[in-house]
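# A look at the structure
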Amino acid sequence: MRVDSGVAQQVEVERRLVDAMYDRLDCVVADALAARGRVLAGPVEGPQELYARDVEVARLTRTVRELRAAEGSLCFGRIDSTSGESVHIGRTGLRSADGALLLVDWRADAARPFYAATPASPLGLRRRRHLRLNGRRVVDVSDEILDGSSPIPPDVVGDGPLVAALGRARTGRMREAVATLQAEQDAIVRSLHRGVTVVDGGPGTGKTIVALHRAAYVLYAFPALAGQGVLVFGPNRRFLDYIFEVLPSLGENDAQSATSADLTDVEPTTIESDSAARVKGRAQLATALTRWVRDHQPRGVPLDIRIGQETLVLDAESVDAAHRHATQGGFAHNPAREAFKEYVVSDLVNLLEKRTTEALTEMDDEVAALLGIDLDQAVAEDLRALGLDDTIAATGDPEVDWDGIRDGLLDDPGIDLAIEAVWPRLHATDALRRLLTDSTALTASLPDLSDDEIAILTRPRRGYTNADLALLDEARALIDGPPEQMYGHIVVDEAQELSEMQWRMIMRRCPTRSLTVVGDFAQAGSATTVRSWTEALGPFVRERFAHHTLTVNYRTTAEILHAAAPLLARIAPEQQPSRSIRNGERPSTVLVTDPGMDASIRELVEQTADAHPDELIGVIGPSDRIARLTTVLDGTGAVVVAATDTRGLEFDSVFLIDPAAIETARQGGARDLYVALTRATKRVLTLQLRAT
Ligand SMILES: Nc1ncnc2c1ncn2[C@@H]1O[C@H](COP(=O)(O)OP(=O)(O)OP(=O)(O)O)[C@@H](O)[C@H]1O
């Protein structure tokens, strides 16, 4: 509830307190900069001191960066307990020079009541206050009384700052929501669960907001995981560009963001049909790759190796044992090959040693038989007479340097060639290409694939598609070993888009199995066959994941949700529609004829742009109309996007072009249409083609 009397006075009170916080922030930044300057100017001796200095400089640089990132809206909230204590909440924690608490970091436990308290459960609070700043200046405050001492709004999510945040014009970049995070969202963000947390809910229920604030919370609250890195994985660059400002504005620059292309460092250059992507996304492809790679390792075969004039034969049993030793511990093909070679060379040296001993013994026996003396004994006696009897014990066998022979064999190109014949070094790109052109190998590994599906897989192509990247990643893991970069925690957004193979790519990078996974299967595109969280996560964690469903819609008005409800009932009958907290214009439909469509669209978009000059307009249509729409709407400021590419995005106004074509363009087109319909915060206008 807003405190109407004395607002100016309260603003003044807060202004003085917040001014003091900024003064302190400036001091801490200046101190950190000065400390960094001193460290850099100080003498360093030797590599150890140099390393220690670099670590300290990096730490101070990070501190400065984090403090500076916290500068905008440094303090945004305050809570007053019924016992009269008050705490200010902000983007970072601050103490005065003498240690008094000035500001609590929003992620600290002490800040939890700011988010979690409701009138029904006030958690000891009397008042929650939101502060609005313009630059460094407090310009407004807004209160909610939580202890029942004044009238309270029945719906806690409908409070002033939230409605103001939701009503603000969109900019094409997602904004953080740290000041208005709602209780159901905050409970997930702040969860102490370190395993897999799944968050679903309809479009606009704040899944992305929760995921990003969760990433910031993990970085703050779980240092052990944070130290191993935090990754935000998104389906495409457009989406990551949309969200990329959120974490830095929460003071977090340490989280990385990536698409499949970033993880594999390969840019897809070709597109393919969704049916091809679906086949390539299936986990059986991992089995096929594993078999293909295993087929390039020896099994049950002896190994003939030529050394000098001789050919040594390692029997099949020894070769299999060497294979077993080399691959135990899950080593990948190429590193295991090196270990295999070492085992083989050891076996060869043992063979040679045995042969030499046998040959020498034979010779000794022959000499003894001929001369009637024991040669070894005679040599030992001579050495003793010369005072060199220690040599006998120390060298044992002074004649043969077996270690030198072993090293020589390891470097011998002939040996490498012999091993190459049974265990060739492989290249992941080449292996993938060869498997995907080998219909016999594919049919053997994937007997349930139809001939059509095999034909899809083996179709000749150039370059990589998005679905290929997870296959390439799998091949690299099998052939060269796990990826270099691992993460302590991974946030997966739009997770309904991931195929089984793409889940493997993510999990491979997260040995801790600590993930925040957000998505909505009603919005799933058609490039994957995964349709439930159990299907997605079961192979890695079985049912061990915490599952939350968000129910309040913060994006779309009740009118737009109402219009989308029949479509939702059709594509996901089991899903409860979310509940919107705002009302607005009723969506409208205009019938147009194709030849006149271009002019109509431009005119309507221009009208909307004139009526709402600061707002963002999205024009969403079938993929095959996008090039034309982009030309037609050039200069209007509207963003033109294919219906297949709008997941996660949002606009103030949406023009939906030819919904029937969106729906029939591909399998799952109805879900594309549902996503398109739920992108607007304020209004939707549909342009439907009149049958001619
Ligand atoms: N607590 C909040 N305070 C302010 N804005 C919020 C809050 N929660 C969500 N929003 C806003 O609501 C909109 C929808 O949120 P978000 O994109 O996270 O939803 P989503 O569930 O990920 O949607 P979709 O499934 O369509 O991708 C965004 O503009 C977001 O900033």
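Here's a quick rundown of the structure. Just so it is clear, the structure is predicted and the values come from calculations on it, not from any experiment. (Residues numbered from 1 in each chain as written. Predicted model: local features only at pLDDT ≥ 70, side-chain atom pairs only at ≥ 80, totals over all residues.)

## Here we look at the sheet that holds strand E4 (residues 101-105)
- A sheet is described by the order of its strands in space; here six strands give the open sequence E3-E4-E2-E1-E5-E6, paired in mixed fashion. Here the strands that pair on one side only, and so sit at the sheet edges, are strand E3 (94-95) and strand E6 (137-145).
- Bridge analysis of E3 against E4 gives two bridges, and the strand direction is antiparallel. Paired with Leu94 across the two strands is Leu103, which belongs to E4.
- The strands touched by helix H1 (residues 7-41) are strand E1 (75-81), strand E2 (86-90), E3, E4, strand E5 (125-134) and E6; relative to E6, the strand with the most contacts, the crossing angle is about 120°. (Pairing = 2+ DSSP bridges. Helix = DSSP H or I, 4+ residues; strand = E, 2+ residues; numbered from the N terminus. Contact = placed C-beta atoms within 7 Å. Axes fitted to C-alpha atoms, helices over the stretch in contact; angles between N-to-C directions.)

## A closer look at the sheet that holds strand E20 (residues 651-657)
- Taken together, the five strands give an open sheet; going across it, the order is E17-E21-E20-E18-E19, and neighbouring strands pair in parallel fashion. Looking at which strands have only one partner, the edges of the open sheet turn out to be strand E17 (588-592) and strand E19 (639-642). Within the sheet, the average angular offset between the axes of one strand and its neighbour, ignoring direction, is 25°.
- The pairing of strand E18 (residues 617-621) with E20 spans four bridges and is parallel. When the bridges of E20 are listed, Val619 appears paired with Phe655.

## Overview of the site of the ligand
- The ligand sits among 24 residues. The nearest are Ala177, Pro203, Gly206, Thr208 and Tyr554.
- Listing elements by their share of the shell around the ligand, those giving two or more residues are helix H4 (160-167) and helix H6 (207-221).
- Of the residues that constitute the shell around the ligand, the class distribution is nine nonpolar, 10 polar and five charged. (Near = placed C-beta within 6 Å. Nonpolar A, V, L, I, M, F, W, Y, C, P; charged D, E, K, R; others polar.)

## Here we look at the pairing of strand E8 (residues 230-233)
- Here E8 shows two buried faces, one formed by Val230 and Val232 and the other by Leu231 and Phe233.
- Direction of pairing for E8 relative to strand E12 (residues 489-492): parallel, over a ladder of four bridges. In the sheet register, Val232 faces E12, and the bridge partner there is Val491.
- Across three bridges, E8 lies against strand E9 (residues 256-258) in parallel orientation. Bridging from a neighbouring strand, Val232 pairs with Ser257 of E9. (Buried ≥ 20, exposed ≤ 12 C-beta atoms within 10 Å, placed from the backbone.)

## Concerning the nonpolar core
- In terms of nonpolar packing, the biggest core is built from 99 residues, with Ala215, Leu289, Ala431, Ala475 and Ile490 touching the most fellow members.
- Setting aside chain neighbours within four positions, we find Ala475 in contact with Leu289, Ala428, Ala431 and Leu432.
- Ranked by size, the runner-up nonpolar core spans 33 residues in total, among them Leu561, Val640, Phe651 and Val654. (Core = buried A, V, L, I, M, F, W, Y, C linked by C-beta atoms within 7 Å.)

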